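Here's the letter readout for the chains.
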Amino acid sequence: MLIVIEGIDGCGKTTIAELLKNILENKGYKVYLTKEPFRSDIKAIIKSIIEKKHDLNENFGKALSLLFAADRQIHQLEIKDKISKGFIVILDRYYHSSYTYQLLYKGVTLDFLEKINSSLLKPDYVFILDVPVDVAIERLMKRGITTEYERKDFLEKVRENYLKLKEILKEEKIFIINNNRNPEETIRDILSIIGIK
Ligand code: TYD
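Residues numbered from 1 in each chain as written. Predicted model: local features only at pLDDT ≥ 70, side-chain atom pairs only at ≥ 80, totals over all residues. Heavy atoms only, no water.

K.L.:
Please set out the UniProt feature "binding site: ATP" (unreviewed entry) in the protein chain residue by residue, giving values where relevant.
P.N.:
The sites that carry the UniProt feature "binding site: ATP" (unreviewed entry) are, in the present numbering, Gly7, Ile8, Asp9, Gly10, Cys11, Gly12, Lys13 and Thr14. Residues from the named set that contribute to the lining of the largest pocket are Ile8, Asp9, Gly10, Cys11, Gly12, Lys13 and Thr14. By the element assignment, Gly7 lies in the loop between β1 (2–6) and α1 (13–26). For Gly7, a relative accessible area of 0% translates into the label buried. Setting aside chain neighbours within four positions, we find Gly7 in contact with Lys13, Arg93, Tyr101, Leu129 and Tyr162. (UniProt positions renumbered as here; feature names shortened; annotations may be inferred. 1 Å grid on protein atoms, 1.4 Å probe; cavity = no way out; pocket = protein on both sides within 12 Å on 5 of 7 lines; lining within 4 Å. Helix = DSSP H or I, 4+ residues; strand = E, 2+ residues; numbered from the N terminus. Buried < 20%, exposed > 50% of the residue type's maximum accessible area, 1.4 Å probe, protein only. Contact = heavy atoms within 4.5 Å.)

Below is the structure:
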């Protein structure tokens, strides 16, 4: 089973993904938690591009989309291996992040993103953890804001894209989960959707 946890920066993905892993392991499942961007060297190139102020320029958008997609192709080998060995794989970000973040760049189209992200394993469930942007920013401030991607106006647009994602990826099981509450409540909803008591 492949479970994707998505949402804007500061929505609480990492906390929920780790909690979900622990709970499933306590129930006896083999769980593999992993995240994208996957490779630290590719992530470093990505960060150096994002940190330059670039006005959502087409070339940066396409370059970033391709870098994330390349990273993802490398990561697939590991994901497929774990799934074949019976693990539940929890993925903290997947191509859905490109459909929400990179789509905001001029010249980056859905068609382009589909082409460069085709041939990837489709997830069984996608959980979009939703919180108001102000709540996310407050959480990020506590950690120290680090990139261009963590600005309020940008995150508002990313959040809008997440809320529309179900209409774009119609064949996928995408669930928007309120994460502006106690993490245990979010986990309870996720477990009930995936049918694990
Ligand atoms: P993030 O998971 O926030 O890393 P960290 O925990 O180290 O901050 O991911 C880094 C950023 O990359 C985040 O702002 C979202 C962005 N991102 C994309 O724009 N597109 C993608 O395809 C992926 C996987 C991430």
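K.L.:
I'd like a rundown of the pairing of β1, residues and numbers included.
P.N.:
By the criterion of burial, β1 is predominantly enclosed, with five of the five residues buried. Side chains Leu2, Val4 and Glu6 project from β1 onto one buried face, and the interleaved Ile3 and Ile5 project onto a second face that is buried too. In this sheet, strand β3 (residues 88–92) lies alongside β1 in parallel orientation, the contact comprising four bridges. Note on β3: the bridge partner recorded for Ile3 is Ile90. Of the strand pairs in this sheet, β1 and strand β4 (residues 125–130) are connected by four bridges, and their pairing is parallel. Its bridge partner being in β4, Ile3 is matched across the sheet by Tyr125. (Pairing = 2+ DSSP bridges.)

K.L.:
Please give an account of the side chain of Glu6 that cites residues and values.
P.N.:
For Glu6, the location among the structural elements is in strand β1. Within polar-contact distance, the side chain of Glu6 engages the side chain of Tyr162 at 2.5 Å. If we ignore the near neighbours within four places in the chain, the residues touching Glu6 are Cys11, Lys13, Arg93, Tyr94, His96, Ser97, Val126, Phe127, Ile128, Leu129 and Tyr162. (Polar contact = N/O pair within 3.5 Å; in protein donor to acceptor, adjacent residues only side chain to side chain.)

K.L.:
Any details on the nonpolar core? Residues and values, ideally.
P.N.:
Proteins that are soluble and globular tend to have nonpolar side chains buried together. Of all hydrophobic cores here, the largest spans 60 residues; its most connected members are Ile5 and Ile8. Leave out the neighbours within four places in its chain, and Ile8 touches Arg93, Tyr101, Val131, Val133, Ala136, Leu155, Val158, Arg159 and Tyr162. (Core = buried A, V, L, I, M, F, W, Y, C linked by side-chain atoms within 4.5 Å.)

K.L.:
Break down the sheet that holds β1 for me, citing the residues and quoting the values.
P.N.:
Pairing is parallel across the open sheet formed by five strands, whose spatial order is β2-β3-β1-β4-β5. If you trace the sheet from one side to the other, it starts and ends with β2 (31–35) and β5 (174–178), each paired once. Averaged over all pairs of adjacent strands, the angle between their axes in this sheet comes to 20°, without regard to strand direction. Examined bridge by bridge, β4 and β5 share five bridges and lie parallel to one another. Across the sheet, the residue bridging to Ile128 is Ile176, located in β5. Here α1 sits on the sheet in contact with β1, β2, β3 and β4, set at roughly 170° to β3. (Axes fitted to C-alpha atoms, helices over the stretch in contact; angles between N-to-C directions.)

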